[in-house]
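Observations on the three-dimensional arrangement
Read off the chains here:
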Amino acid sequence: MDKTDLRYHNFVQILREELVPAMGCTEPIAIAYGAAKAREILGTMPEKVLVEASGNIIKNVKSVVVPNTGGLKGIEAAAAAGIVAGKAEKILEVISEVTDEQKTEIRNYLAECDIKVLPAEGDAIFDIIITLHKGDNNVRLRIADYHTNIVLVEKNGEVLLKAGTVVSGDSTDGLTDRGCMSVDGIVDFVNTMDIEDVRELIERQIDYNYSIAREGMENDWGANIGKVLRDNYGDDIKIRARYMAAAGSDARMSGCEMPVIIVSGSGNQGITASVPVIEYAKELGVDHDTMVRAVTLSDLLTIHLKTGIGRLSAYCGAVSAGCGAGAAIAYLNGGGFEEIAHTLVNSLATASGMICDGAKPSCAAKIAVAVDTGLLGYNMYRSGQQFYGGEGIVTKGVEATIENIGRLGRLGMKETDKEIIRIMTNQPIFD
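The structure reproduced in this document is the subject of the present report. The structure presented is a predicted model; accordingly, all values stated were derived computationally and were not measured. (Residues numbered from 1 in each chain as written. Predicted model: local features only at pLDDT ≥ 70, side-chain atom pairs only at ≥ 80, totals over all residues. Heavy atoms only, no water.)

**Comments concerning the overall build of the protein**
Quick note on the threshold: Helix numbering and strand numbering both begin at the N terminus, where a helix is a DSSP run of H or I of at least 4 residues and a strand a DSSP run of E of at least 2. The globule rule used for comparison is 2.2 Å times the number of residues to the exponent 0.38, while the radius of gyration itself is calculated over C-alpha atoms. Working definition: with a 1.4 Å probe on protein chains only, accessible area under 20% of the residue-type maximum means buried, over 50% means exposed, and in between means partly exposed. What makes two residues a contact is simply this: any of their non-hydrogen atoms within 4.5 Å. Per-residue and other accessible areas follow the Shrake-Rupley method at a 1.4 Å probe size, with only the shown protein chains counted as cover for residues.
Looking only at helices and strands, one finds 16 helices and eight strands in the protein. Against the globule reference of 22 Å for 431 residues, the protein gives a C-alpha radius of gyration of 21 Å, in line with a compact fold. Taking all 431 residues of the protein together, the buried fraction comes to 58%. Excluding contacts between residues fewer than 6 apart, the proportion of contacts in the protein whose partners are at least 24 apart in sequence is 76%. As presented, the protein carries roughly 16,900 Å² of accessible surface, and 48% of it is formed by carbon and sulfur atoms.

**What about the side chain of Asn 224?**
We apply this condition: What qualifies as a polar contact is a pair of N or O atoms within 3.5 Å, subject to a donor-acceptor requirement within protein and to the restriction that residues adjacent in sequence count only when both atoms come from side chains.
The topology assignment puts Asn 224 in the loop between α7 (199-218) and α8 (225-233). Engagement of the side chain of Asn 224 in a polar contact is seen with the side chain of Asp 220, the distance being 2.5 Å. When neighbours within four sequence positions are excluded, Asn 224 is seen to be in contact with Asn 219 and Asp 250.

**Section: helix α1 (residues 6-18)**
Applied cut-off: Expected helix span is given by 1.5 Å per residue-to-residue step, counting one fewer step than there are residues.
Compared with the 18 Å implied by 1.5 Å per residue over 13 residues, the 18 Å span of α1 between its first and last C-alpha is a close match. Within the span of α1, buried status applies to Tyr 8, Asn 10, Phe 11, Val 12, Ile 14, Leu 15 and Glu 18.

**Notes on unusual backbone geometry**
Its identity is not glycine, yet Asp 145 carries a phi of approximately 75°, on the positive side. For Asp 145, the location among the structural elements is in the loop between β5 (137-144) and β6 (150-155). Residue Asp 145 is classed as buried on the basis of its relative accessible area, which comes to 3%. For Asn 156, which is not glycine, the phi torsion reads 50° and is therefore positive. Tracing the chain through its elements places Asn 156 in the loop between β6 and β7 (158-162).

**Focus on the pairing of β7**
Selection criterion: Any two strands between which DSSP finds at least two bridges are classified as paired.
For β6 and β7, the ladder comprises four bridges, and the chain directions are antiparallel. Residue Glu 154 lies in a different strand from β7, and its bridge partner there is Val 159. Two successive antiparallel strands, β6 and β7, enclose a turn made up of two residues, where Asn 156 displays a positive phi of approximately 50°.

**Let's talk about helix α14 (residues 363-382)**
Since one α-helical turn is 3.6 residues long, residues separated by three or four positions face the same way. Between the first and last C-alpha of α14 there are 29 Å, a value that for 20 residues agrees with the 28 Å anticipated at 1.5 Å per step. Downstream of α14 by one or two residues, Gly 384 has phi in the positive range, about 75°.

**Overview of the packing of aromatic side chains**
Which entries qualify depends on this criterion: For Phe, Tyr and Trp, where Trp contributes only its six-membered ring, two rings pair if their centres lie within 6.5 Å, and the inter-plane angle classes them as stacked under 30 degrees, edge-to-face over 60, or tilted in between.
Under the definition given, this model contains two aromatic pairs. Here Tyr 8 and Phe 189 contribute two aromatic rings whose centre-to-centre distance is 5.1 Å and whose plane-to-plane angle is 70°, an arrangement assigned as edge-to-face. Taken together, the residues Tyr 8 in helix α1 and Phe 189 in helix α6 (residues 183-192) connect sequence positions 181 residues apart. Each member of the pair, Tyr 8 together with Phe 189, is buried.

**As for the packing of helix α11 (residues 288-307) against helix α12 (residues 317-332)**
The criterion, for reference: Fitting a line to C-alpha atoms yields each axis, with helices limited to the stretch in contact; the angle taken between N-to-C directions then spans 0 to 180 degrees. By definition, turning the near helix anticlockwise from the far helix through less than a right angle yields a left-handed crossing, and turning it clockwise yields a right-handed one.
Look at α11 against α12: their axes get within 8 Å of each other, and the N-to-C directions meet at 145°. Considering the relative orientation of α11 and α12, their crossing is right-handed. Only Gly 317, Ser 320, Ala 321, Cys 323, Gly 324, Ala 325, Ala 327, Ala 328, Tyr 331 and Leu 332 of α12 make contact with α11, whose side of the interface consists of Thr 290, Arg 293, Ala 294, Leu 297, Ser 298, Leu 301, Thr 302, Leu 305 and Lys 306.

**Brief notes about the nonpolar core**
Condition: Side-chain atoms within 4.5 Å link the members of a nonpolar core, which is a set of buried Ala, Val, Leu, Ile, Met, Phe, Trp, Tyr and Cys residues.
In terms of nonpolar packing, the biggest core is built from 136 residues, with Ile 95, Phe 189, Leu 297, Ile 340 and Leu 344 touching the most fellow members. Not counting residues within four places of it along the chain, the set of residues in contact with Leu 297 comprises Ile 186, Val 187, Val 190, Ala 327, Ala 328, Tyr 331 and Ile 340. Membership of the second largest hydrophobic core comes to five residues, among which are Cys 25, Val 64, Met 253 and Cys 363.

**Overview of the sheet that holds β5**
The six strands lie next to each other as β3-β2-β4-β5-β6-β7, forming an open sheet whose pairing is mixed. In this open sheet, the two edge strands, each paired with only one partner strand, are β3 (114-119) and β7. Neighbouring strand axes in the sheet, compared pairwise and without regard to direction, differ in orientation by 10° on average. Sheet analysis places strand β2 (residues 48-53) next to strand β4 (residues 127-134), joined by six bridges and oriented antiparallel. Paired with Val 49 across the strands is Leu 132, a residue of β4.

**A closer look at the environment of Ala 364**
Residue position: Ala 364 is located in helix α14. For the pair Ala 364 and Leu 161, spaced 203 residues apart in sequence, the C-alpha separation works out to 39 Å. Apart from residues lying up to four places away in sequence, Ala 364 is in contact with Ile 225, Ala 246, Ser 249 and Asp 250.

**As for the pattern of salt bridges**
Short version of the rule: Every case where a carboxyl oxygen of Asp or Glu lies within 4 Å of a side-chain nitrogen of Lys or Arg is listed as a salt bridge.
This structure, assessed with the given rule, holds 24 salt bridges. In this structure, the salt-bridge partner of Glu 203 is Arg 199, at a minimum N-O distance of 3.2 Å. Here Arg 199 and Glu 203 lie together in helix α7, a separation of four residues that amounts to about one turn. The buried category is assigned to Arg 199, whose relative accessible area is 17%. Lys 366 is paired through a salt bridge with Asp 357; the nearest N and O atoms lie 2.8 Å apart. On the basis of relative accessible area, Lys 366 is assigned to the buried category, the value being 14%. Linked by salt bridges that have partners in common, Glu 17, Glu 18, Arg 178 and Arg 311 make up one network.

**A word on the state of the cysteines**
Going by this rule: Disulfides are defined in this document as cysteine sulfur pairs within 2.5 Å.
The full count for this structure, using the stated rule, is zero disulfides. With no disulfide of its own, Cys 25 lies 7.6 Å from the sulfur of Cys 363, the closest cysteine sulfur. For Cys 25, a relative accessible area of 3% corresponds to the buried category. For Cys 363, a relative accessible area of 11% translates into the label buried.

Printed below as a string of structure tokens:
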């Protein structure tokens, strides 16, 4: 792919938009970011806080530890951390520099301040509205569609910022158009790109995400899925790729304060797309630049697979990343478009539909399943086996199958998503 090709520029820009650092699960961190920014605009500590959040935000914040809070969970904790100790200019690393004194202040603020959480009105999938009050002054700030997208700021009723229109579904408006993406285009880009155009981004991802995976294996985090896999299944590369990725999530979901590089708005997807590929690159002894190309391939495929589904849904995003990682491992073994396409179809046919029931320790186990599925998809191809068009949701051609997966996750699982949220919030059964 020549640099004059518009897709080349778009792929590089997509990577710049997606591969950003975040400390902690991105949904509570988005709340902390919005709260820190709102407090900055208010100019003082608020005495009253209202957070309105869409169902998927509530789902993804409910059970995950907010880092640098001493183990606190929930929307209230995320908002309090952002208000007390957040640095809005650090965006998704907004609470990365919290002191021990501030951790105590966060707990005290939670106990003393009136922080209320309500479901957001409307049907936007990604929606966070934060309103802060101090005396006669108030600030209202809205983040919608993706984690850093502030679309509205009001102070004392005066509109300071209003950007775009919030969609009822899930949108990447304001980001580079993902419509240019295809599996063959991505493979062409990875094979021919000037590696210096992506090196800094990818090497930072390799460094950050592999570091948190090691942390997950070395210390006690969550349900310790990484250690369970190693201790019960061994140290073979096929297991190591799974347990190292799971270990990164073990740490991240349980409050580890190390940053990760996210993909498709998710640190778990960023870990899943990179760590198994890094492990296989080390095992196969490929040169460093080949590793960089393989991780780039996995990232772009993950983004492509996830685009049709949306940022948040009932469809577990680790599946997309595990399939992308499996395809990148095929690439490390010398595979081209055919091997990659078959790996994707085989793995998508196997694990698509695994549910997302929020961020929590079991995400690590789902990552292990997703990586195993990606590896199975590749090994099926190596063994001369495949799933054919017309079998279930598989359609002839990798792009047609990816389109079906998007339809399944975005449309077919809408009611599943609502029921998951009802279950998680203890709502009654609706006949």
